[in-house]
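Here is what each chain is made of, one letter per residue.
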Amino acid sequence: MKLNLKDIFNSAKGVEEVNPNSIKEGFPKIYNDIPVLDTETVYGIVSLSCAHCIELIPELTNLSHFENFVLITDGDENDNQAIIQELNLKFPIISYTKPLSQLGIIHTPTCVRVDKQGAYVASEFTKDIEQVIEFLQHSGS
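What you see is a predicted model; the values in this text were computed from it and never measured.

Cut-offs applied
- Residues numbered from 1 in each chain as written.
- Predicted model: local features only at pLDDT ≥ 70, side-chain atom pairs only at ≥ 80, totals over all residues.
- Heavy atoms only, no water.
- Buried < 20%, exposed > 50% of the residue type's maximum accessible area, 1.4 Å probe, protein only.
- Helix = DSSP H or I, 4+ residues; strand = E, 2+ residues; numbered from the N terminus.
- Arc of directions from axis to C-beta.
- Contact = heavy atoms within 4.5 Å.
- pLDDT = per-residue confidence, 0-100.

**Things to note about helix H5 (residues 129-137)**
Part 1: Looking at H5, one finds that the buried residues are Ile-129, Val-132, Phe-135 and Leu-136. Down the axis of H5, the sector holding all buried residues measures 125°, keeping them to one side. In H5, those exposed residues whose orientation departs by more than 90 degrees from the buried face are Glu-130 and Gln-137.
Part 2: Lining the buried residues of H5 we find strand E2 (41-46), helix H3 (51-56), strand E3 (69-73), strand E6 (110-114) and strand E7 (120-125).

This is the structure we're talking about:
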């Protein structure tokens, strides 16, 4: 069965939130499941059941010139492949199917900036593409 974005987007339910203090403590746990890049990186974290995230995902095509952006979804690899194919995205998309709350993520979408060692630098609730771009522009890209 082939998944498409419409099916994924129709499952959106609500909004999750971000708590910077809990992210600083929780986000390093993600490195058990995803690689740490050797540069300052911005991880965009979205839930495929979040209405704000579903609105934001198609706008991420505007990020093709940022080399330090990685999208993390709570979807599986099939969901991610459907997003990549439908939107022709060039940045990495990684599945994190454990509860986002384990990373300190309570609200989505959010961006988390880490340094090249993977240490937390900053995070922000980024409900629209302008906020994501502004967050990226303050990183090392």
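Structure's up, so let's keep going.
**So, unusual backbone geometry**
Part 1: A cis amide bond, omega 0°, links Thr-108 with the succeeding residue Pro-109.
Part 2: Among the structural elements, Pro-109 can be located in the loop between strand E5 (105-108) and E6.
Part 3: A positive phi is found at Asn-88, a non-glycine position, where the angle reads about 55°.
Part 4: Looking at where Asn-88 falls in the secondary structure, it is placed in the loop between helix H4 (77-87) and strand E4 (93-95).

**Side note on the confidence of the model for the chain**
Part 1: Mean pLDDT over the chain stands at 81; residues scoring 70 or higher make up 72%.
Part 2: The least confident element of the chain, judged by mean pLDDT, is strand E1 (residues 16-18) at 44; the most confident is H5 at 95.
Part 3: Low pLDDT (under 50) marks residues 13-19, which in the prediction has 30 contacts with non-local residues, meaning those over four places away or in another chain.

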